[in-house]
Structure formats: structure tokens, C-alpha cells
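# Structural features, examined
Listed below, chain by chain, are the residues.
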Amino acid sequence: MPISVFVLDDHEIVRRGVTALLEATDDIQVVGEARTAAEACARIPVVRPDAAVLDVRLRDGDGVMVCQQVRATTDPPPVCLMFTSYSDDEVLFGAIMAGAAGYLLKQVPANEVVAAVRTVAARGSLLDPNATRLVLDRLRHGHPDEDLGYAALSAQERRVLTLVASGLTNREIGARLYLSEKTVKNYVSAMLHKLGLTRRTQAAVYAIEHGCQRPRGAPL
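Notes on the structure follow.

Rules used in this analysis
Residues numbered from 1 in each chain as written. Predicted model: local features only at pLDDT ≥ 70, side-chain atom pairs only at ≥ 80, totals over all residues. Heavy atoms only, no water. Axes fitted to C-alpha atoms, helices over the stretch in contact; angles between N-to-C directions. Helix = DSSP H or I, 4+ residues; strand = E, 2+ residues; numbered from the N terminus. Left-handed = near helix turned anticlockwise from the far one by under 90°. Contact = heavy atoms within 4.5 Å. Nonpolar A, V, L, I, M, F, W, Y, C, P; charged D, E, K, R; others polar. Pairing = 2+ DSSP bridges. Salt bridge = Lys/Arg side-chain N within 4 Å of Asp/Glu carboxyl O. Buried < 20%, exposed > 50% of the residue type's maximum accessible area, 1.4 Å probe, protein only.

### Some thoughts on the packing of helix α10 (residues 181-195) against helix α11 (residues 200-209)
Look at α10 against α11: their axes get within 11 Å of each other, and the N-to-C directions meet at 65 degrees. Judged by the twist between their axes, the crossing of α10 over α11 is left-handed. For the pair α10 and α11, the contacting residues are Val188, Met191, Leu192 and Leu195 in the first and Arg200, Ala203 and Tyr206 in the second. When the residues that make up the contact of α10 with α11 are grouped by side-chain class, the tally is six nonpolar, no polar and one charged.

### Structural notes on the sheet that holds strand β2 (residues 28-34)
Whenever strands of a sheet pair, they do so through backbone hydrogen bonds, lying parallel or antiparallel. Reading across the sheet, the five strands line up as β2-β1-β3-β6-β7 and stay open at both edges, with parallel pairing between neighbours. Edge positions in the sheet fall to β2 and β7 (102-105), since each of these pairs with one other strand and no more. Taking the axes of each pair of neighbouring strands and ignoring which way they run, one obtains an average angle of 25 degrees across the sheet. In terms of strand pairing, strand β1 (residues 3-8) meets strand β3 (residues 51-55) through four bridges, oriented parallel. Paired with Leu8 across the two strands is Leu54, which belongs to β3. This element, helix α2 (residues 37-47), spans β1, β2 and β3 of the sheet and lies at about 165 degrees to β1. The strands touched by helix α3 (residues 63-73) are β1, β3 and β6 (79-84); relative to β6, the strand with the most contacts, the crossing angle is about 170 degrees.

### A look at the pattern of salt bridges
Counted according to the given criterion, the structure contains nine salt bridges. Among the salt bridges present, the one from Arg35 reaches Glu39, with a minimum N-O distance of 3.8 Å. Across the pair Glu181 and Arg171 runs a salt bridge whose closest N-O atoms are separated by 3.4 Å. You can see Glu181 sitting in helix α10 and its partner Arg171 sitting in helix α9 (residues 170-177), a full ten residues away along the chain. Relative accessible area serves as the criterion here: at 40%, Glu181 is assigned to the partly exposed category. Where salt bridges share partners, they join Asp9, Asp55 and Lys106 into one cluster.

Structure below.
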């Protein structure tokens, strides 16, 4: 059976290019595409691909959040290959915490993209050993009081946490961050999951205890 793959990228030319590249092989089949985090989170559990190629930086979120969510809501969970234009230690840390199997820069040659999909689909890892070692060192030797759940939050998720603690609704948060209400809901779900919480009230208490709260209406 061919390897089934889902492709998420908000740039159409990149998304179509990756899809065409993968479809040109005999052993890979693209079973779905999306341009937003919300679309990917809705479609991946339906098509249930073997692997997902996820753009890290999206207009309505980030691929790390998508990775974490689809791995929690899809049975069996897809292996996720993060695809980005930038090397970022925080994104790498988040990707590892979210369960990603690989992290690939868009500047790599086309044949490496195909090879990467085959590797992660075969349950191999494409996480750079040195980068992984740094992340593991951070987990092992971080400050005793460091909250690893908070450390795993993306910058946008931290903004959402702050606004939740300030008492804003999802609609109000969306207006502040120029996001749709549904996108904010996805961010809240991902943020709660990473912090090991289940309710907004718990997040508000957490934010206050950790000094993340700002007065309502204060600038971020």
C-alpha cells in the first residue's frame, strides 16, 4: 500500500509543489491538503493519513499545535513532519514535546523531502541529534522550578493564556489577536493540553499563580 500523506501549508505554491513532488513517486499518495490549522485539524482525523507534512508558521496558528491536536484526535495518529523556512530552537522544542517525528527546512533539495516522508512513515526519526540532545538536556537539567508545560507553549498560546486569565471570551480574544473564534478555541484546547489542565478557570488560576495575568484591556 502507498504511504498516505496530508500536506498543510498556507502558501498555495508551496503546498501544490510539495503535493506534486510526493505524487510523482510510486509509493506515496497525497490524500488531503489544507491551508489553515483549522482545516487540517478538521480533515486529518477524517482521512487518517500515515503521515502529515505540517507547515510550522500559519496565518491562524502553527503546525506544532496541529501536530499535537491531530495526534490526540486521530486513530491511528499520523507521524508528523514539521516543515519550516526557519530554524528555531523554541519551535523545535515544541515539536518534540508535541510528538513530531521530524523537522525539515524548506531549503532542502526536493529528493530529501521525499526521503524524509519515507523515513518518518517507517517510524524513523528526522530530528537532528544535536538539537534533540539540547532539548533533552533542557528537560533534564532545567531550573528545578521551570514549568515544562509553560515552556512548551508557543508565543501565541502564551498570549491566549494571558487573555484567558484576564477574563476575555474566545470572541474577545479573537478580536484582540485578529483570529477567528474557532482558531482561538483550538489555541485554548492546545494550551490546556500542554499545561495538563481541563478548564479555562484552571488556566486562569495557573496564569495568576505564574504571573502571566495582565489587567483587562492592557496591551500585550
